[in-house]
Protein chains: 2
Amino acid sequence: MMAKKVLIVFAHQSSASFNAAAKSAAVEVLTAQGCTVEVSDLYAMNFKAAATAEDIKGDVKDAEHFRYQEETRLAWEEGRLVEDITAEQTKLTEADLVIFQFPMYWFSVPAIMKGWIDRVLTCGFAFTGEKRYSQGLLKEKKAMLSFTTGSLESMFSSTGINGDMNVTLWPIQNGILHYCGFQVLPPQIFWAPSCASPEARQTMLEGWRSRLAGLLEEKPLSFISLDCFDPKAFQLTPDVQEKHASQEFGLMVGIHLGKPLPPQNQMKAGC
Amino acid sequence: MMAKKVLIVFAHQSSASFNAAAKSAAVEVLTAQGCTVEVSDLYAMNFKAAATAEDIKGDVKDAEHFRYQEETRLAWEEGRLVEDITAEQTKLTEADLVIFQFPMYWFSVPAIMKGWIDRVLTCGFAFTGEKRYSQGLLKEKKAMLSFTTGSLESMFSSTGINGDMNVTLWPIQNGILHYCGFQVLPPQIFWAPSCASPEARQTMLEGWRSRLAGLLEEKPLSFISLDCFDPKAFQLTPDVQEKHASQEFGLMVGIHLGKPLPPQNQMKAGC
């Protein structure tokens, strides 16, 4: 087996945090397995979050009516993206696996990590209008979310006040990771470590270390192949819909066909 | 009727954009109705997105193990948050309605707007552990999303490749807006204006102007009252679950009880 390269995109302000410990565990266990691990420590890097015209070197095509996706696609083609973006794109190009390590802020990633997503996953580099989802340009790579919550697990259920965590994960895992083609590994969720005892936190980290040992051989979550959708309106083709009509559950959290959501669809492989 | 105050949190880089036109339409129509309209133009303000220790004036409580939510809660109590945050909090305190106007980036808000959410909706100011959801500290106010997509409407359906837009909206409308108590008005979605003709874009803006004329009288989306959940695990109480057991659909997108999602739950009032 070839030695694998791993990129950890890390967003926590403090090196004494649980998130930092989870990141360090990943570096240690994966390195011990012969992986090369690179960490993008976004707060330490003071990573720029806002998507602006300054992300492009030289003139933009239409300064009057600036359109970020169009302008950065062009700049990418012409090698005119700024260095902090291209440095991350180089790390990403080399990586076999990307781990996003963060505390969940407002049911999503912290703004600084959203900035990494908005700025680094450039059109042309990570996807195009034709090459997205199962054909996304990063389809040879794996990616996963590893995060802490402030809420208890019970609150993130289909009868809990925050609602089903699978629903919260869908826009991130389908709309960002799978959109670029990534094979998405099941998320690593650390439920409310700040409410847990030091022993319970230690147990969480030990569980993560055990998982890390076999992470590169894990089966990714299932998504639907791009060719199951018509190429114009991007609706499931009639034969796929017919084939699924008698099933109890929808195909995926978002692509639910008006049926109950397939349980654990965004949490466990094969669901 | 008292004159209403409206805050528009606006995130687009260009004043020639469709988003800018939608924002200007809101300013114009609402002002003509006697509202006082304030705009936070995040890119123009170069609004800081990252949640850091610099958001606090003076010493933090635990520099070694810096915890953003805890530290900013304390700083809010003691009047030690930095000026760009308190200025937004003042605008928010005065507002009866907040409109978030933005282009959807990666199934969510742009990073600069996520930064506004992460930094301005401070614990203690917008919510506490006890006062959240239907008891959230901003429960006297209304809020809504108004955004453009890059994708066609057909792609954001329960048989489309992006999945049901109601699922994508849930973490934002429930997990951010309703979490703080906001009464959430149905979203204004401009489907792929960049793919539309100038006439079609004009029609979209006219539709928005018509809606704005009656916006302040609109019925908000339905959410579930905090007292339907037990105060420990925050699960729906047995009587609420029993009462709903024979229903065809789940209660909400996230709180679906293993049933099909109530159609248009995050898009239309009364669904």
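Residues numbered from 1 in each chain as written. Chains lettered and ligands numbered in written order. Predicted model: local features only at pLDDT ≥ 70, side-chain atom pairs only at ≥ 80, totals over all residues. Heavy atoms only, no water.

**Some thoughts on the overall build of chain A**
For chain A, the helix and strand inventory stands at 7 helices and 6 strands. Overall, chain A shows an N-to-C arrangement of helices and strands of β-α-β-α-α-β-α-β-α-β-β-α-α. Compactness check: chain A gives a C-alpha radius of gyration of 19 Å against a globular reference of 18 Å for 271 residues, within 12% of the reference. Principal-axis analysis of the C-alpha atoms gives chain A an extent of 55 × 50 × 40 Å. The buried share among the 271 residues of chain A stands at 58%. Sequence-distant contacts in chain A: of pairs separated by 6 or more residues, those separated by 24 or more amount to 71%. With an accessible surface of roughly 10800 Å², chain A has 52% of that area assigned to carbon and sulfur atoms. Computed over 25 positive and 31 negative side-chain charges, the inter-centroid distance for chain A is 3 Å. (Helix = DSSP H or I, 4+ residues; strand = E, 2+ residues; numbered from the N terminus. Rg over C-alpha atoms; globule rule 2.2 N^0.38 Å. Buried < 20%, exposed > 50% of the residue type's maximum accessible area, 1.4 Å probe, protein only. Contact = heavy atoms within 4.5 Å. Areas by Shrake-Rupley, 256 points an atom, 1.4 Å probe, with all protein chains shown as cover. Lys, Arg positive; Asp, Glu negative; His and termini not counted. Charge placed at Lys NZ, Arg CZ, Asp CG, Glu CD.)

**So, the packing of helix H4 (residues 111-120) of chain A against helix H4 (residues 111-120) of chain B**
What describes two packed helices is the angle between their axes and the distance between those same axes. The interhelical angle for the contact between H4 of chain A and H4 of chain B, taken along N-to-C directions, is 175°, at an axis separation of 8 Å. On the basis of their axis angle, the class for H4 of chain A and H4 of chain B is roughly antiparallel. Seen from H4 of chain A, the contacting residues are Ala 111, Lys 114, Gly 115 and Asp 118 of chain A; seen from H4 of chain B, they are Ala 111, Lys 114, Gly 115 and Asp 118 of chain B. Tallied by class, the residues present in the contact of H4 of chain A with H4 of chain B amount to 2 nonpolar, 2 polar and 4 charged. (Axes fitted to C-alpha atoms, helices over the stretch in contact; angles between N-to-C directions. Parallel < 35°, antiparallel > 145°, perpendicular 65-115°, else oblique. Nonpolar A, V, L, I, M, F, W, Y, C, P; charged D, E, K, R; others polar.)

**Observations regarding the relation of the copies chain A and chain B**
Each copy of the sequence occupies a distinct position, and chain A is placed on chain B by a rotation of 180° and an axial shift of 0.0 Å, giving an RMSD of 0.0 Å. Both copies of the chain, as the preceding transformation shows, are related through a two-fold rotation axis. For chain A, the residue whose C-alpha comes nearest the rotation axis is Pro 260 of chain A, separated from it by 2.0 Å. A shared binding surface is used by both copies, with 100% of the interface residues of chain A retained as interface residues in chain B. (Least-squares fit on C-alpha atoms with pLDDT ≥ 70 in both.)

**Details of the pattern of salt bridges**
Here the structure, examined in full by the defined rule, presents 22 salt bridges over all chains. The salt bridge involving Glu 28 of chain A is made with Arg 209 of chain A; its shortest N-O contact spans 3.3 Å. Placement of Glu 28 of chain A in helix H1 (residues 18-32) and of Arg 209 of chain A in helix H6 (residues 198-214) is noted, with a sequence separation of 181 residues between them. Given a relative accessible area of 26%, Arg 209 of chain A falls into the partly exposed group. Among the ionic pairs, Arg 80 of chain B bridges to Glu 78 of chain B, the shortest N-O distance being 2.7 Å. Owing to a relative accessible area of 45%, Glu 78 of chain B belongs among the partly exposed residues under this scheme. Where salt bridges share partners, they join Lys 48, Asp 55, Asp 84 and Arg 119 of chain A into one cluster. (Salt bridge = Lys/Arg side-chain N within 4 Å of Asp/Glu carboxyl O.)

**Remarks on the UniProt feature "domain: Flavodoxin-like fold" (unreviewed entry) in chain A**
If you check UniProt for "domain: Flavodoxin-like fold" (unreviewed entry), the listed places come out as residues 4-211 of chain A in our numbering. What you have in residues 4-211 of chain A is 36% helix and 15% strand, and the ends, taken at the C-alpha atoms, are 16 Å apart. (UniProt positions renumbered as here; feature names shortened; annotations may be inferred.)

**Some points on the pairing of strand S2 (residues 36-41) of chain B**
All names here are of chain B. Alignment of strand S1 (residues 5-10) against S2, held across 6 bridges, turns out to be parallel. Along S2, the bridge assignment pairs Val 9 with Ser 40. On the question of chirality, the crossover connecting S1 to the parallel S2 by way of helix H1 (residues 18-32) is right-handed. (Pairing = 2+ DSSP bridges. Right-handed = clockwise from strand over helix to strand, strands pointing away.)

**Digging into the side chain of Gln 89 of chain B**
Residue and element names in this part refer to chain B. For Gln 89, the location among the structural elements is in helix H3 (residues 83-94). Among the polar contacts listed, one links the side chain of Gln 89 to the backbone oxygen of Val 120, at a separation of 2.9 Å. In terms of polar contacts, Gln 89 uses its side chain to reach the side chain of Thr 122, at 2.8 Å. Sequence-distant contacts of Gln 89, defined by excluding residues within four places in its chain, comprise Trp 76, Leu 81, Val 120, Thr 122 and Phe 125. (Polar contact = N/O pair within 3.5 Å; in protein donor to acceptor, adjacent residues only side chain to side chain.)

**What about unusual backbone geometry?**
Located in the positive-phi region is Tyr 133 of chain A, a residue other than glycine, with phi close to 50°. Located in the positive-phi region is Ala 192 of chain B, a residue other than glycine, with phi close to 45°. Tracing the sequence through the fold places Ala 192 of chain B in the loop between strand S6 (188-190) and helix H6 (198-214).

**Overview of helix H5 (residues 165-177) of chain B**
All names here are of chain B. For H5, which comprises 13 residues, the first-to-last C-alpha distance of 17 Å matches the rise-based estimate of 18 Å (1.5 Å per residue) to within 8%. Of all 13 residues making up H5, 13 are buried, and the element is well covered by its neighbours. The N-cap of H5, judged by a side-chain oxygen 2.9 Å from the amide nitrogen of Asn 166 a few residues on, is Asp 164. (Expected span 1.5 Å × (residues − 1).)

**A closer look at the interface of chain A and chain B**
When the parts of a complex come together, some accessible area is lost, and that lost area is often taken as the interface size. In this assembly, 69 residues from chain A lie in contact with 69 residues from chain B. Between chain A and chain B the total buried area reaches about 5300 Å² when both faces are included, carbon and sulfur atoms providing 63% of it. Together, Trp 106, Thr 159 and Ile 161 of chain A form the three largest contributors to the area buried by chain A at its contact with chain B, with a combined 17%. Connecting chain A to chain B are 0 salt bridges. For the pair chain A and chain B, the interface holds 35 residue pairs in polar contact (both at pLDDT 80 or more). Looking at the side of chain A that touches chain B, the elements that each hand over two or more residues are H4 and helix H5 (165-177) of chain A. When residues of the side of chain A that touches chain B are assigned to their parent elements, the largest contribution, 7 residues, is made by H5 of chain A. A class-by-class count of the residues in the side of chain A that touches chain B yields 37 nonpolar, 24 polar and 8 charged. (Buried area = accessible area lost by both parts, 1.4 Å probe.)

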